[in-house]
Amino acid sequence: MSERIEIRAPAEQTEGTRAQILRWLKQAGDRVSENEPLIEIETDKVTVEVPSPGSGVLREILRHEQDEITPGELLGWLDPQGKSAAAAPATAAHSTHSAEGASAPKGGAVGDGGAADSAGSAGQLSPAVRRLLAEHGLTVASVRGTGQGGRITVEDVLRAAEAGTGGAARQAPADTNPLTPPQPAASPDGVRRVPHSTVRRRTAEHMVQSLLHTAPHVTTVFEADMSAVLEDRARRREEFAQRGVPLTLTAYFVQAAVSAIRVVPEANSRWTDVAIEIHEAIHIGVGTAVEGSGLIVPVLRDAHTRDLFDTARGLEDLVTRARAGKLTPADVRGGTFTISNHGVSGSLLAAPIIINQPQSAILGIGKLERRVVVVSEGEAEKIAVRPRCYVTLTLDHRVMDGHQANRFMQSFVETLSRWAS
(Lines give C-alpha, C1' and ligand atoms only; values in the text may rest on other atoms or scores of the structure.)
Protein backbone atom coordinates (compact mmCIF):
# COMPACT_ATOMS: atom_id res chain seq x y z
CA MET A 1 0.00 0.00 0.00
CA SER A 2 1.27 3.50 -0.83
CA GLU A 3 2.22 5.87 1.97
CA ARG A 4 -0.82 7.68 3.28
CA ILE A 5 -1.23 11.46 3.55
CA GLU A 6 -2.35 12.55 7.00
CA ILE A 7 -5.00 15.23 7.44
CA ARG A 8 -4.39 17.18 10.63
CA ALA A 9 -6.04 20.10 12.41
CA PRO A 10 -4.23 23.42 11.96
CA ALA A 11 -1.23 23.57 14.27
CA GLU A 12 -1.99 27.16 15.23
CA GLN A 13 -5.25 27.84 16.98
CA THR A 14 -6.75 31.14 18.01
CA GLU A 15 -5.66 32.05 21.51
CA GLY A 16 -8.05 31.14 24.27
CA THR A 17 -10.34 29.07 22.06
CA ARG A 18 -11.41 25.51 21.44
CA ALA A 19 -12.30 24.16 18.03
CA GLN A 20 -14.67 21.58 16.62
CA ILE A 21 -15.35 20.13 13.20
CA LEU A 22 -18.29 21.90 11.62
CA ARG A 23 -18.46 19.67 8.54
CA TRP A 24 -16.44 17.62 6.10
CA LEU A 25 -16.75 18.93 2.55
CA LYS A 26 -15.83 15.52 1.12
CA GLN A 27 -16.91 11.98 1.97
CA ALA A 28 -14.88 8.83 2.41
CA GLY A 29 -14.14 7.47 -1.05
CA ASP A 30 -14.11 10.88 -2.76
CA ARG A 31 -11.11 12.02 -4.76
CA VAL A 32 -9.55 15.24 -3.48
CA SER A 33 -7.07 17.62 -5.10
CA GLU A 34 -4.25 19.29 -3.19
CA ASN A 35 -5.34 22.59 -1.57
CA GLU A 36 -9.00 21.86 -2.32
CA PRO A 37 -11.24 22.84 0.65
CA LEU A 38 -11.69 19.69 2.71
CA ILE A 39 -12.98 20.51 6.20
CA GLU A 40 -14.70 23.44 7.91
CA ILE A 41 -13.51 23.97 11.48
CA GLU A 42 -15.35 26.30 13.84
CA THR A 43 -13.89 28.02 16.88
CA ASP A 44 -15.67 30.47 19.16
CA LYS A 45 -14.46 33.27 16.90
CA VAL A 46 -14.18 32.14 13.30
CA THR A 47 -14.98 29.38 10.86
CA VAL A 48 -12.01 28.35 8.73
CA GLU A 49 -11.57 25.99 5.82
CA VAL A 50 -8.81 23.41 6.02
CA PRO A 51 -7.37 22.64 2.56
CA SER A 52 -6.36 19.17 1.52
CA PRO A 53 -2.65 18.53 2.25
CA GLY A 54 -2.31 16.54 -0.99
CA SER A 55 -4.10 14.80 -3.83
CA GLY A 56 -5.67 11.38 -3.51
CA VAL A 57 -8.72 9.53 -2.22
CA LEU A 58 -10.17 10.39 1.19
CA ARG A 59 -9.84 6.94 2.68
CA GLU A 60 -10.83 7.43 6.32
CA ILE A 61 -12.44 10.11 8.50
CA LEU A 62 -11.43 9.85 12.14
CA ARG A 63 -13.12 12.90 13.66
CA HIS A 64 -16.65 13.93 12.79
CA GLU A 65 -19.15 16.78 12.99
CA GLN A 66 -19.42 18.36 16.46
CA ASP A 67 -16.23 16.61 17.64
CA GLU A 68 -13.89 18.91 19.54
CA ILE A 69 -10.34 18.79 18.23
CA THR A 70 -6.92 19.98 19.32
CA PRO A 71 -4.19 21.69 17.25
CA GLY A 72 -2.31 19.18 15.12
CA GLU A 73 -4.74 16.32 15.84
CA LEU A 74 -5.10 13.61 13.19
CA LEU A 75 -8.51 14.00 11.53
CA GLY A 76 -8.27 11.53 8.68
CA TRP A 77 -6.04 10.40 5.86
CA LEU A 78 -5.74 10.25 2.09
CA ASP A 79 -4.56 7.42 -0.12
CA PRO A 80 -2.45 9.23 -2.75
CA GLN A 81 -2.79 6.39 -5.28
CA GLY A 82 -6.17 5.03 -4.30
CA LYS A 83 -9.22 4.63 -6.49
CA SER A 84 -12.27 6.77 -5.85
CA ALA A 85 -15.54 5.35 -4.52
CA ALA A 86 -16.96 5.25 -8.04
CA ALA A 87 -14.28 2.76 -9.07
CA ALA A 88 -13.73 0.78 -5.88
CA PRO A 89 -15.47 0.07 -2.58
CA ALA A 90 -14.96 2.75 0.06
CA THR A 91 -14.28 0.13 2.70
CA ALA A 92 -11.01 0.60 4.56
CA ALA A 93 -9.44 -1.47 7.29
CA HIS A 94 -10.05 -0.01 10.69
CA SER A 95 -7.06 2.17 11.46
CA THR A 96 -5.16 1.71 14.69
CA HIS A 97 -5.04 5.52 14.78
CA SER A 98 -8.84 5.86 14.74
CA ALA A 99 -10.54 7.88 17.44
CA GLU A 100 -12.74 5.93 19.81
CA GLY A 101 -15.92 4.86 18.10
CA ALA A 102 -14.81 5.85 14.57
CA SER A 103 -14.83 3.33 11.73
CA ALA A 104 -14.61 3.35 7.96
CA PRO A 105 -17.82 3.30 5.93
CA LYS A 106 -19.05 -0.09 4.74
CA GLY A 107 -20.97 -1.14 1.68
CA GLY A 108 -21.46 0.87 -1.51
CA ALA A 109 -20.08 4.28 -2.27
CA VAL A 110 -21.66 7.09 -0.28
CA GLY A 111 -20.96 9.55 -3.05
CA ASP A 112 -23.31 7.83 -5.49
CA GLY A 113 -26.20 7.45 -3.08
CA GLY A 114 -25.42 3.99 -1.68
CA ALA A 115 -24.69 3.00 1.90
CA ALA A 116 -26.63 5.86 3.44
CA ASP A 117 -27.20 3.66 6.45
CA SER A 118 -23.45 3.40 7.08
CA ALA A 119 -23.18 7.17 7.37
CA GLY A 120 -25.59 7.08 10.26
CA SER A 121 -24.26 3.93 11.90
CA ALA A 122 -23.37 4.03 15.56
CA GLY A 123 -19.67 3.98 14.77
CA GLN A 124 -19.98 7.14 12.68
CA LEU A 125 -21.87 9.24 15.22
CA SER A 126 -20.26 12.13 17.04
CA PRO A 127 -20.23 12.02 20.86
CA ALA A 128 -22.83 14.80 21.01
CA VAL A 129 -25.20 12.89 18.72
CA ARG A 130 -24.75 9.64 20.69
CA ARG A 131 -25.48 11.47 23.93
CA LEU A 132 -28.65 13.10 22.55
CA LEU A 133 -29.91 9.81 21.14
CA ALA A 134 -29.55 8.22 24.57
CA GLU A 135 -31.17 11.17 26.37
CA HIS A 136 -34.23 11.11 24.10
CA GLY A 137 -34.50 7.32 23.84
CA LEU A 138 -34.04 7.35 20.07
CA THR A 139 -32.32 4.81 17.85
CA VAL A 140 -30.11 5.47 14.84
CA ALA A 141 -32.77 3.96 12.58
CA SER A 142 -35.43 6.38 13.86
CA VAL A 143 -33.53 9.51 12.79
CA ARG A 144 -33.05 10.60 9.19
CA GLY A 145 -29.64 12.25 8.74
CA THR A 146 -29.28 15.46 6.74
CA GLY A 147 -25.53 15.89 7.13
CA GLN A 148 -22.85 15.03 4.62
CA GLY A 149 -23.54 11.59 3.13
CA GLY A 150 -26.67 11.21 5.27
CA ARG A 151 -24.79 11.61 8.55
CA ILE A 152 -26.95 12.28 11.59
CA THR A 153 -26.31 15.70 13.11
CA VAL A 154 -27.29 17.22 16.46
CA GLU A 155 -30.07 19.17 14.72
CA ASP A 156 -31.44 15.94 13.24
CA VAL A 157 -31.73 14.32 16.68
CA LEU A 158 -33.35 17.39 18.24
CA ARG A 159 -35.81 17.64 15.38
CA ALA A 160 -36.75 13.96 15.74
CA ALA A 161 -37.12 14.31 19.50
CA GLU A 162 -39.28 17.43 19.20
CA ALA A 163 -41.48 15.72 16.60
CA GLY A 164 -42.26 13.12 19.25
CA THR A 165 -42.29 10.23 16.80
CA GLY A 166 -40.42 6.96 16.78
CA GLY A 167 -40.24 6.99 13.00
CA ALA A 168 -37.76 8.73 10.77
CA ALA A 169 -37.56 12.49 11.02
CA ARG A 170 -38.72 14.50 8.07
CA GLN A 171 -36.10 14.43 5.33
CA ALA A 172 -34.72 17.79 4.23
CA PRO A 173 -35.98 18.99 0.83
CA ALA A 174 -33.86 17.98 -2.14
CA ASP A 175 -32.80 21.58 -2.78
CA THR A 176 -31.55 22.12 0.78
CA ASN A 177 -28.08 23.62 0.82
CA PRO A 178 -25.86 21.03 2.60
CA LEU A 179 -23.73 23.87 3.96
CA THR A 180 -26.71 25.48 5.73
CA PRO A 181 -27.91 23.66 8.86
CA PRO A 182 -31.67 22.96 8.81
CA GLN A 183 -33.84 25.13 11.04
CA PRO A 184 -35.20 23.35 14.13
CA ALA A 185 -38.92 22.67 14.03
CA ALA A 186 -41.28 23.77 16.79
CA SER A 187 -42.08 21.11 19.39
CA PRO A 188 -45.62 20.17 20.48
CA ASP A 189 -45.31 22.51 23.48
CA GLY A 190 -44.77 25.47 21.15
CA VAL A 191 -41.08 25.89 21.99
CA ARG A 192 -38.50 26.02 19.21
CA ARG A 193 -35.10 24.91 20.50
CA VAL A 194 -32.05 26.19 18.64
CA PRO A 195 -28.86 24.29 19.52
CA HIS A 196 -25.98 26.48 20.66
CA SER A 197 -23.41 27.28 18.02
CA THR A 198 -19.79 27.01 19.04
CA VAL A 199 -19.46 30.80 18.79
CA ARG A 200 -22.36 31.46 21.15
CA ARG A 201 -21.36 28.73 23.61
CA ARG A 202 -17.78 29.92 23.88
CA THR A 203 -18.81 33.58 24.10
CA ALA A 204 -21.03 32.70 27.04
CA GLU A 205 -18.20 30.83 28.73
CA HIS A 206 -15.83 33.77 28.25
CA MET A 207 -18.42 36.17 29.70
CA VAL A 208 -18.92 34.10 32.84
CA GLN A 209 -15.19 33.51 33.24
CA SER A 210 -14.36 37.19 32.76
CA LEU A 211 -17.11 38.60 34.96
CA LEU A 212 -17.19 36.12 37.84
CA HIS A 213 -13.73 34.61 38.04
CA THR A 214 -11.12 36.86 36.45
CA ALA A 215 -11.53 40.62 36.38
CA PRO A 216 -13.41 42.95 38.77
CA HIS A 217 -15.36 45.11 36.31
CA VAL A 218 -16.08 48.83 36.70
CA THR A 219 -17.86 51.00 34.12
CA THR A 220 -17.65 54.77 33.64
CA VAL A 221 -20.12 56.67 31.42
CA PHE A 222 -19.53 59.84 29.39
CA GLU A 223 -21.40 61.62 26.60
CA ALA A 224 -19.74 62.65 23.35
CA ASP A 225 -20.72 65.53 21.08
CA MET A 226 -20.38 64.30 17.50
CA SER A 227 -20.98 67.61 15.68
CA ALA A 228 -17.38 68.09 14.56
CA VAL A 229 -17.04 64.46 13.48
CA LEU A 230 -20.21 64.57 11.40
CA GLU A 231 -19.08 67.78 9.70
CA ASP A 232 -15.70 66.24 8.90
CA ARG A 233 -17.33 63.06 7.64
CA ALA A 234 -19.63 65.04 5.34
CA ARG A 235 -16.57 66.75 3.84
CA ARG A 236 -14.55 63.57 3.32
CA ARG A 237 -17.18 60.96 2.55
CA GLU A 238 -17.21 61.47 -1.22
CA GLU A 239 -13.41 61.51 -1.39
CA PHE A 240 -13.19 58.19 0.48
CA ALA A 241 -15.94 56.67 -1.66
CA GLN A 242 -14.05 57.57 -4.84
CA ARG A 243 -11.11 55.64 -3.41
CA GLY A 244 -13.35 52.65 -2.77
CA VAL A 245 -13.61 52.94 1.02
CA PRO A 246 -16.73 53.84 3.06
CA LEU A 247 -16.07 56.32 5.85
CA THR A 248 -17.83 54.99 8.94
CA LEU A 249 -18.08 56.55 12.36
CA THR A 250 -16.23 53.53 13.75
CA ALA A 251 -13.08 54.78 12.02
CA TYR A 252 -13.32 58.00 14.07
CA PHE A 253 -13.91 56.01 17.26
CA VAL A 254 -10.79 53.93 16.58
CA GLN A 255 -8.68 57.05 15.98
CA ALA A 256 -10.01 58.71 19.14
CA ALA A 257 -9.35 55.55 21.16
CA VAL A 258 -5.75 55.53 19.96
CA SER A 259 -5.36 59.14 21.14
CA ALA A 260 -6.86 58.27 24.54
CA ILE A 261 -4.61 55.22 24.93
CA ARG A 262 -1.58 57.47 24.38
CA VAL A 263 -2.83 59.56 27.32
CA VAL A 264 -3.60 56.50 29.50
CA PRO A 265 -1.40 53.60 28.30
CA GLU A 266 -2.81 51.30 31.02
CA ALA A 267 -5.97 50.96 28.92
CA ASN A 268 -3.83 49.00 26.48
CA SER A 269 -2.42 46.51 28.96
CA ARG A 270 -2.90 43.17 30.64
CA TRP A 271 -2.81 42.06 34.27
CA THR A 272 -0.40 39.35 35.38
CA ASP A 273 0.36 38.08 38.86
CA VAL A 274 3.69 39.90 38.91
CA ALA A 275 3.17 43.04 36.83
CA ILE A 276 0.92 45.11 34.60
CA GLU A 277 2.15 44.57 31.04
CA ILE A 278 1.56 47.66 28.89
CA HIS A 279 1.61 47.03 25.15
CA GLU A 280 3.44 49.47 22.93
CA ALA A 281 1.53 48.40 19.82
CA ILE A 282 -2.21 49.13 19.73
CA HIS A 283 -4.25 46.35 18.13
CA ILE A 284 -7.95 47.21 18.36
CA GLY A 285 -10.64 44.56 18.17
CA VAL A 286 -13.96 45.73 16.75
CA GLY A 287 -17.07 43.80 17.78
CA THR A 288 -18.94 42.69 14.66
CA ALA A 289 -22.35 41.03 14.71
CA VAL A 290 -22.63 38.21 12.17
CA GLU A 291 -26.12 36.93 11.41
CA GLY A 292 -26.49 33.33 12.55
CA SER A 293 -23.08 33.19 14.22
CA GLY A 294 -23.08 35.79 16.97
CA LEU A 295 -20.38 38.29 17.88
CA ILE A 296 -16.96 38.13 16.24
CA VAL A 297 -14.13 40.50 17.11
CA PRO A 298 -11.69 40.95 14.21
CA VAL A 299 -8.56 42.88 15.10
CA LEU A 300 -7.32 46.02 13.35
CA ARG A 301 -3.59 45.64 13.85
CA ASP A 302 -1.21 48.55 14.47
CA ALA A 303 -4.03 51.07 14.76
CA HIS A 304 -1.53 53.59 16.17
CA THR A 305 0.28 53.74 12.80
CA ARG A 306 -2.84 54.40 10.68
CA ASP A 307 -4.41 57.64 9.52
CA LEU A 308 -8.18 57.99 9.11
CA PHE A 309 -8.23 56.61 5.56
CA ASP A 310 -6.11 53.57 6.37
CA THR A 311 -8.22 52.94 9.46
CA ALA A 312 -11.44 53.06 7.41
CA ARG A 313 -9.94 50.79 4.75
CA GLY A 314 -8.77 48.24 7.33
CA LEU A 315 -12.16 48.20 9.05
CA GLU A 316 -14.01 47.72 5.76
CA ASP A 317 -11.81 44.75 4.90
CA LEU A 318 -12.26 43.08 8.30
CA VAL A 319 -16.01 43.62 8.55
CA THR A 320 -16.64 42.47 4.98
CA ARG A 321 -14.66 39.27 5.49
CA ALA A 322 -16.24 38.67 8.91
CA ARG A 323 -19.77 38.78 7.47
CA ALA A 324 -18.71 36.59 4.54
CA GLY A 325 -17.16 34.00 6.89
CA LYS A 326 -13.71 34.60 5.39
CA LEU A 327 -11.73 35.58 8.49
CA THR A 328 -8.66 33.58 9.42
CA PRO A 329 -7.55 32.77 12.98
CA ALA A 330 -4.86 35.44 12.61
CA ASP A 331 -7.60 38.07 12.04
CA VAL A 332 -9.04 37.58 15.54
CA ARG A 333 -5.80 37.04 17.42
CA GLY A 334 -3.68 39.46 19.45
CA GLY A 335 -6.10 42.30 20.23
CA THR A 336 -5.03 44.64 23.04
CA PHE A 337 -8.18 46.80 23.31
CA THR A 338 -11.78 46.35 22.12
CA ILE A 339 -14.53 48.63 20.80
CA SER A 340 -18.17 47.53 20.81
CA ASN A 341 -20.33 49.85 18.70
CA HIS A 342 -23.63 48.56 20.04
CA GLY A 343 -25.38 51.77 19.03
CA VAL A 344 -25.63 50.62 15.41
CA SER A 345 -28.47 48.32 16.49
CA GLY A 346 -30.26 51.03 18.48
CA SER A 347 -28.82 50.62 21.99
CA LEU A 348 -28.49 53.91 23.87
CA LEU A 349 -26.31 52.69 26.70
CA ALA A 350 -24.52 49.45 27.55
CA ALA A 351 -21.61 48.26 29.65
CA PRO A 352 -19.96 45.50 27.59
CA ILE A 353 -18.06 42.77 29.40
CA ILE A 354 -14.35 42.27 28.75
CA ILE A 355 -14.76 39.01 26.89
CA ASN A 356 -11.32 39.04 25.35
CA GLN A 357 -9.21 38.32 28.38
CA PRO A 358 -6.50 39.25 29.23
CA GLN A 359 -7.37 42.68 27.81
CA SER A 360 -8.05 45.33 30.42
CA ALA A 361 -10.75 47.50 28.86
CA ILE A 362 -13.61 47.60 26.37
CA LEU A 363 -15.18 50.75 24.97
CA GLY A 364 -18.92 50.82 24.31
CA ILE A 365 -20.48 53.25 21.83
CA GLY A 366 -24.20 54.00 22.09
CA LYS A 367 -26.72 55.17 19.49
CA LEU A 368 -26.07 58.53 17.89
CA GLU A 369 -29.11 60.79 18.22
CA ARG A 370 -29.97 64.47 18.32
CA ARG A 371 -30.51 65.71 21.88
CA VAL A 372 -31.49 68.96 23.50
CA VAL A 373 -28.57 70.24 25.58
CA VAL A 374 -27.41 73.39 27.33
CA VAL A 375 -24.33 74.87 25.67
CA SER A 376 -22.12 77.76 26.67
CA GLU A 377 -21.18 80.65 24.40
CA GLY A 378 -18.81 82.85 26.30
CA GLU A 379 -20.54 83.76 29.53
CA ALA A 380 -23.97 83.02 28.13
CA GLU A 381 -25.84 79.75 28.03
CA LYS A 382 -28.43 78.59 25.56
CA ILE A 383 -30.44 75.52 24.64
CA ALA A 384 -29.34 73.79 21.46
CA VAL A 385 -29.81 70.53 19.60
CA ARG A 386 -26.62 68.48 19.14
CA PRO A 387 -25.82 64.99 17.78
CA ARG A 388 -24.58 63.08 20.79
CA CYS A 389 -24.01 59.54 22.02
CA TYR A 390 -23.24 57.84 25.31
CA VAL A 391 -19.87 56.13 25.57
CA THR A 392 -18.81 53.70 28.28
CA LEU A 393 -15.48 52.29 29.35
CA THR A 394 -15.63 48.99 31.20
CA LEU A 395 -12.29 48.18 32.78
CA ASP A 396 -10.41 45.69 34.87
CA HIS A 397 -10.21 47.55 38.17
CA ARG A 398 -6.98 45.74 39.01
CA VAL A 399 -5.29 47.59 36.17
CA MET A 400 -6.89 51.04 36.22
CA ASP A 401 -8.31 53.24 38.93
CA GLY A 402 -11.31 55.49 38.47
CA HIS A 403 -9.31 58.63 37.79
CA GLN A 404 -7.36 56.88 35.02
CA ALA A 405 -10.56 55.62 33.41
CA ASN A 406 -12.08 59.11 33.56
CA ARG A 407 -8.93 60.65 32.08
CA PHE A 408 -9.12 58.17 29.22
CA MET A 409 -12.75 59.06 28.59
CA GLN A 410 -12.11 62.80 28.80
CA SER A 411 -9.43 62.46 26.14
CA PHE A 412 -11.68 60.28 24.00
CA VAL A 413 -14.71 62.59 23.99
CA GLU A 414 -12.58 65.73 23.58
CA THR A 415 -10.88 64.25 20.53
CA LEU A 416 -14.30 63.64 18.99
CA SER A 417 -15.83 66.99 19.98
CA ARG A 418 -12.81 68.97 18.72
CA TRP A 419 -12.14 66.90 15.60
CA ALA A 420 -10.09 68.76 13.03
CA SER A 421 -9.27 67.54 9.52
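This text follows the structure it describes.
Only a predicted model underlies this, so the values are computations on that prediction, with no experimental measurement involved.

Engineer: Could you clarify how one ought to interpret the overall build of the chain in this entry?
Structural biologist: Helices and strands together make up the secondary structure of the chain, namely 8 helices and 19 strands. The buried share among the 421 residues of the chain stands at 47%. Here the analysis covers contacts within the chain between residues at least 6 apart in sequence; of these, 64% occur between residues at least 24 apart. Taken as a whole, the chain presents about 20300 Å² of accessible surface, with 51% of it coming from carbon and sulfur.

Engineer: Teacher, can you tell me more about the sheet that holds strand β6 (residues 56-61) here?
Structural biologist: Sheet strands pair via backbone hydrogen bonds, and the direction of the pair is either parallel or antiparallel. Spatially, β1-β8-β6-β3 is the arrangement adopted by the 4 strands of the open sheet, whose pairing is antiparallel. Strands with a single pairing partner mark the edges of an open sheet, and in this sheet they are β1 (5-8) and β3 (31-32). Where β1 lies against strand β8 (residues 74-79), 4 bridges are found, and the strand directions are antiparallel. Bridge pairing in β8 links Glu6 to Trp77.

Engineer: Looking at this structure, how should I read a nonpolar patch on the surface?
Structural biologist: On the surface, a cluster of nonpolar side chains totalling about 410 Å² of accessible area is made up of Val372, Val374, Ile383 and Val385. Of all the secondary structure elements, the ones that give two or more residues to the nonpolar patch are β18 (369-377) and β19 (380-396). Locating Ile383 in the fold gives a position in strand β19. Residue classification places Ile383 among the exposed residues on the basis of a relative accessible area of 65%.

Engineer: How should the sheet that holds strand β7 (residues 68-69) be read in this particular structure?
Structural biologist: Judged by pairing direction, the sheet is antiparallel, and its 4 strands sit side by side in the order β5-β4-β2-β7 without closing on themselves. The open sheet has two edge strands, β5 (47-51) and β7, and neither has a second partner.

Engineer: Honestly, the pairing of β6 in this entry has me stumped. Any pointers?
Structural biologist: Remember that side chains alternate between the two faces of the sheet whenever the strand is regular. Taken across its 6 residues, β6 has 6 buried, putting it largely inside the fold. Inspection of the sheet shows β6 paired to β8 by 4 bridges, in the antiparallel sense. Within β8, the position partnered with Leu58 by the bridge is Leu78.

Engineer: So what exactly am I meant to see when it comes to the environment of Ala9 here?
Structural biologist: Its place among the elements puts Ala9 in the loop between β1 and β2 (19-24). Distance from Ala9 to Thr70, taken between C-alpha atoms, is 7.0 Å for residues 61 residues apart in sequence. Not counting residues within four places of it along the chain, the set of residues in contact with Ala9 comprises Ile69, Thr70, Pro71, Gly72, Glu73 and Leu75.

Engineer: Which parts of the structure should I look at to understand unusual backbone geometry?
Structural biologist: In terms of backbone geometry, most residues other than glycine have negative phi values and most peptide bonds are trans. Even without being glycine, Asn35 reaches a positive phi, approximately 70°. Residue position: Asn35 is located in the loop between β3 and β4 (37-43). Relative accessible area serves as the criterion here: at 55%, Asn35 is assigned to the exposed category. We note that Asp302 has phi near 55°; this positive angle belongs to a residue other than glycine. As for its placement among the helices and strands, Asp302 is situated in the loop between β15 (299-300) and α7 (308-323).

Engineer: How should α7 be read in this particular structure?
Structural biologist: The periodicity of an α-helix, 3.6 residues per turn, causes residues three or four places apart in sequence to face the same way. Here α7 contains 16 residues, and its C-alpha end-to-end distance of 22 Å stays within 8% of the 22 Å for a straight helix at 1.5 Å per residue. Within α7 the residues assigned to the buried category are Leu308, Phe309, Thr311, Ala312, Gly314, Leu315, Leu318 and Ala322. Contact partners of the buried residues in α7: α5 (227-242), α6 (249-263), β12 (284-286), β13 (288-290) and β15. Where α7 terminates, the next one or two residues include Gly325, which has phi positive at roughly 70°.

Engineer: What is the right way to look at the side chain of Asp232 in this model?
Structural biologist: Tracing the sequence through the fold places Asp232 in helix α5. A polar contact is formed between the side chain of Asp232 and the side chain of Tyr252, at a distance of 2.7 Å. Of note is the side chain of Asp232, whose polar atom sits 3.4 Å from the side chain of Trp419.

Thresholds, definitions, all that
- Residues numbered from 1 in each chain as written.
- Predicted model: local features only at pLDDT ≥ 70, side-chain atom pairs only at ≥ 80, totals over all residues.
- Heavy atoms only, no water.
- Helix = DSSP H or I, 4+ residues; strand = E, 2+ residues; numbered from the N terminus.
- Buried < 20%, exposed > 50% of the residue type's maximum accessible area, 1.4 Å probe, protein only.
- Contact = heavy atoms within 4.5 Å.
- Areas by Shrake-Rupley, 256 points an atom, 1.4 Å probe, with all protein chains shown as cover.
- Pairing = 2+ DSSP bridges.
- Patch = residues over 30% accessible without salt bridge, like charges linked within 9 Å, V, L, I, M, F, W, Y side chains within 5 Å.
- Salt bridge = Lys/Arg side-chain N within 4 Å of Asp/Glu carboxyl O.
- Expected span 1.5 Å × (residues − 1).
- Polar contact = N/O pair within 3.5 Å; in protein donor to acceptor, adjacent residues only side chain to side chain.

None of this, on its own, says anything about what the molecule does.
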